[in-house]
Amino acid sequence: MPDATGLELTAAELQEAFPSSILGTEFHRGRAALLADAGKAHDVLERLRVMGYTFLASLLGVDYYPEEPRLGVLYELLDFKRVDRISVKARVPTDEPLIASVVDIWAGANFPEREVYDMFGVVFEGHPDLRRILMPEDYEGFPQRRDFPVGGEPVLFTFNEEKSYGKWQ
Amino acid sequence: MSDGTTSQRERSDYRKREESVTLSSEPVAVEETHELMTLNIGPHHPATHGVLRLLATLEGEVVRDVQPIVGYVHTGIEKTAEDKSYWKVIPVIERMDYLSYYFNAMAFCGAVETLLGLEVPPRAQYLRVIHLELNRIMSHLFWLATGALDLGAVSMFWYALRERERILDLFEMSSGQRMHTRYIQVGGVIEDIPRGFAAKLREFLKIMPPRADQYADLLEKNQILLQRLRGTGVTDQQTLLELGVTGPLLRATGNPWDLRKAAPYSSYDHFEFKIPVGTVGDNYDRFRVRHAELYESVKILEQALEGLPEGPFITPDRKVALPPRHELATSMEALIHHFKLVTEGFRVPPGEAYYPVEGPRGELGCFVRSDGSAKPARVHMRDPSFSNLQAFAPMVRDGYIADLIATVAMLDPILGGIDR
């Protein structure tokens, strides 16, 4: 983990390269995080990769309901040489959940981005194959959002299977 | 049978494409001399280690492309976890990757402990290491058993599962359950190891290395196995890093990245062990790396058992851990703590934490977001199988379909972890 000073230096460097790209920093329990502007997250991540954070350890979605903008896309980056981790957090609103895909930077972002799309409805622009991955492809709704109830998925019985989303005849 | 009312529904693109996949496998001519055939493998196929479905595009016997399709055992555990208090999340999260339950619990508890700023007592850290490493051996044994079974070495299945039973007996001794033990708790472990556990573990540690030698003797001199593993599924290190692959698959290409050494957690820096690495990154290297890890885990276990410190096995913080049973009869305060913990659970200060551990298949990281209540606002597991599966297509492309089965076996995907 970079220390609090190192995080501020990284943030300042990114801010200089891409004006108004960093909205803030978080340093909590020894974990460093950059709050990035969703429109410039791609540039920030590309630069962080050049700065040594070469490995995308995890990519996940978070619903910050009731805060606005609601949906968060979080990137956990790892620097193998310095054994250093940093997270980048970007937020998008639910009415326009658009963010640039990072598959061109890390090919391994493919499945995780599909998962975030599947569960939260965040659309990754430039993703080569943005389909649902865990839910059936013609499923409607985004189950990991906080306003999607637990038990929102009806249990399939014989009497209601005709009404199921998977049935077309 | 359509009665008019239900046939109104439009077929989605997905359904149309699914219908276009025929099981009769008619070849499609690309040129006069080339034909491509789409072959559906799975989701129910023993060699896919779970409900993994593969759509393979074949040219003769050569795999030109393969598309893994997952989600058949998606159970929404991450969603369920948001509806449970922190300590009740542990049993559901253990069921994600069902062969590495201690690791799932460790990653989750580690993330919650980070948010709480909680110190884990040394004895609890050692007890965690003992169970984590036993789990690693158990997981690798199961991989060896089923992997060798796929490659035709049927007897390996019984030999490896025989040793796995011993480990499950140990788990049963320490926690009461053989699988999904709920042993690791926030702040420590649920119970100290019982009398007789250490002796039984020593017995197992004495038996395990010679048994691993026997496996090597059985498999290393087996020409069929060697020919199926050597030089198949080769992928270079850079491709794997781009695809987010960690664990034995990455180490098989010669990269000694292991979180236990690189960023030690839970007192792993107290132990001496080596990180086995491969050279070329083919299926044989993957097999050798995992096999060598059996010996290293035994070494860690011996040291952990030898140096097991005295002291409490769970944090003395009564706001997080249950008070000992005998205190309930004498202390009103203990009774209140017990009641609060069992009914509401403990509250975690707001924040977000990502806690990675080295699982048997690679980096297993748990992300937990707390909003200050007694239930997590978000739990996400970065499961190594999910990321590693992305490297499957580059591994098998332009190889024979028989090698595809060998590569699935050596990839060791756990579908419970992929689909969560």
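Please refer to the structure placed before this passage.
Sequence order as written defines the numbering, with residues in each chain counted from 1. Written order determines the labels here, with chains lettered from A and ligands numbered from 1. Thresholds applied to this predicted model are a pLDDT of at least 70 for local features of residues and 80 or more for the giving and counting of side-chain atom pairs; totals over whole chains, interfaces and linings are not thresholded and use all residues. The side-chain figures draw on all heavy atoms in the structure; neither hydrogens nor water molecules are used.

Now for the overall build of chain B. A count of helices and strands for chain B gives 18 helices and nine strands. In terms of overall size, chain B behaves like a compact globule, its C-alpha atoms giving a radius of gyration of 24 Å where 420 residues would be expected to give roughly 22 Å. Considering only C-alpha atoms, chain B reaches an extent of 85 × 65 × 35 Å along its principal axes. With a 1.4 Å probe rolled over the protein chains alone, any residue whose accessible area is under 20% of its type maximum counts as buried; one over 50% counts as exposed, and the rest are partly exposed. Relative to its 420 residues, chain B shows a buried fraction of 58%. Helix numbering and strand numbering both begin at the N terminus, where a helix is a DSSP run of H or I of at least 4 residues and a strand a DSSP run of E of at least 2. When we talk radius of gyration, it's over C-alpha atoms, and the globule rule is simply 2.2 Å times the number of residues to the 0.38.

Next up on the list: empty space enclosed by the protein. Using a 1 Å grid laid over the protein atoms alone, points where a 1.4 Å probe fits but cannot get out form a cavity; open sets with protein on both sides within 12 Å along at least 5 of 7 lines form a pocket; any residue with an atom within 4 Å of a point counts as lining. Grid points are joined across faces, edges and corners, and a volume is the space filled by probe spheres set on the points. Scanning all chains against the criterion turns up four cavities of 30 Å³ or more. Contributing elements (two or more residues each) for the lining of the largest cavity: strand 3 (55–63) and helix 3 (110–120) of chain A together with strand 9 (376–382) and helix 15 (384–388) of chain B. Tallied by class, the residues present in the lining of the largest cavity amount to nine nonpolar, six polar and five charged. Classification convention: Asp, Glu, Lys, Arg as charged; Ala, Val, Leu, Ile, Met, Phe, Trp, Tyr, Cys, Pro as nonpolar; all other residues, Gly among them, as polar.

For the rest of this paragraph, the subject is helix 4 (residues 101–116) of chain B. In an α-helix, one turn spans 3.6 residues; hence positions three or four apart end up facing the same way. Here the expected length of a helix is defined as 1.5 Å per residue gap, with one fewer gap than residues. Over its 16 residues, helix 4 of chain B runs 22 Å from end to end, which matches the ideal 22 Å to within 8%, given 1.5 Å per residue. Helix 4 of chain B sits mainly inside the fold: 16 of its 16 residues count as buried.

Attention now goes to the packing of helix 5 (residues 122–150) of chain B against helix 6 (residues 155–175) of chain B. Residue and element names in this part refer to chain B. Helix axes use the C-alpha atoms of the stretch in contact, all axes being lines fitted to C-alpha atoms, and the angles between their N-to-C directions lie in the range 0 to 180 degrees. Orientation of helix 5 relative to helix 6, taken along the N-to-C sense of each, is 155°, at an axis distance of 9 Å. In terms of axis orientation, helix 5 runs roughly antiparallel to helix 6. Regarding helix 5 and helix 6, the two cross each other, and that crossing is left-handed. Side by side, helix 5 and helix 6 meet where His 131, Leu 134, Asn 135, Ile 137, Met 138, Leu 141, Phe 142, Leu 144, Ala 145, Thr 146, Ala 148 and Leu 149 of the first sit next to Met 156, Phe 157, Ala 160, Leu 161, Glu 163, Arg 164, Ile 167, Leu 168, Leu 170, Phe 171 and Ser 174 of the second. Its residues assigned to classes, the contact of helix 5 with helix 6 shows 17 nonpolar, four polar and two charged. Should an angle lie under 35 degrees it is considered roughly parallel, over 145 roughly antiparallel, and from 65 to 115 roughly perpendicular; all remaining angles are considered oblique. Note on convention: near helix rotated counterclockwise from far helix by under a right angle means a left-handed crossing. Clockwise means right-handed. When checking whether two residues touch, look at their non-hydrogen atoms; a contact exists if any pair is within 4.5 Å.

We now examine the interface of chain A and chain B. Each partner contributes residues to the interface: chain A has 54 residues there, and chain B has 57 residues. The contact between chain A and chain B buries some 4,500 Å² in all, and 53% of this surface belongs to carbon and sulfur atoms. By salt bridge we mean one thing: a side-chain nitrogen of Lys or Arg within 4 Å of a carboxyl oxygen of Asp or Glu. Where chain A meets chain B, there are six salt bridges. Pairing of N or O atoms within 3.5 Å defines a polar contact, subject to two protein rules: one partner must be a possible hydrogen donor and the other a possible acceptor, and residues neighboring in sequence count only if both atoms are side-chain atoms. Between the two partners, chain A and chain B, sit 20 residue pairs in polar contact (both at pLDDT 80 or more). Secondary-structure elements contributing two or more residues to the side of chain A that touches chain B are strand 1 (22–28), strand 3, strand 4 (71–79), strand 5 (84–92) and helix 3 of chain A. The residue inventory of the side of chain A that touches chain B, partitioned by class, reads 27 nonpolar, nine polar and 18 charged. Buried area is calculated as the accessible area (1.4 Å probe) missing from two parts once they are joined, with the contributions of both summed.

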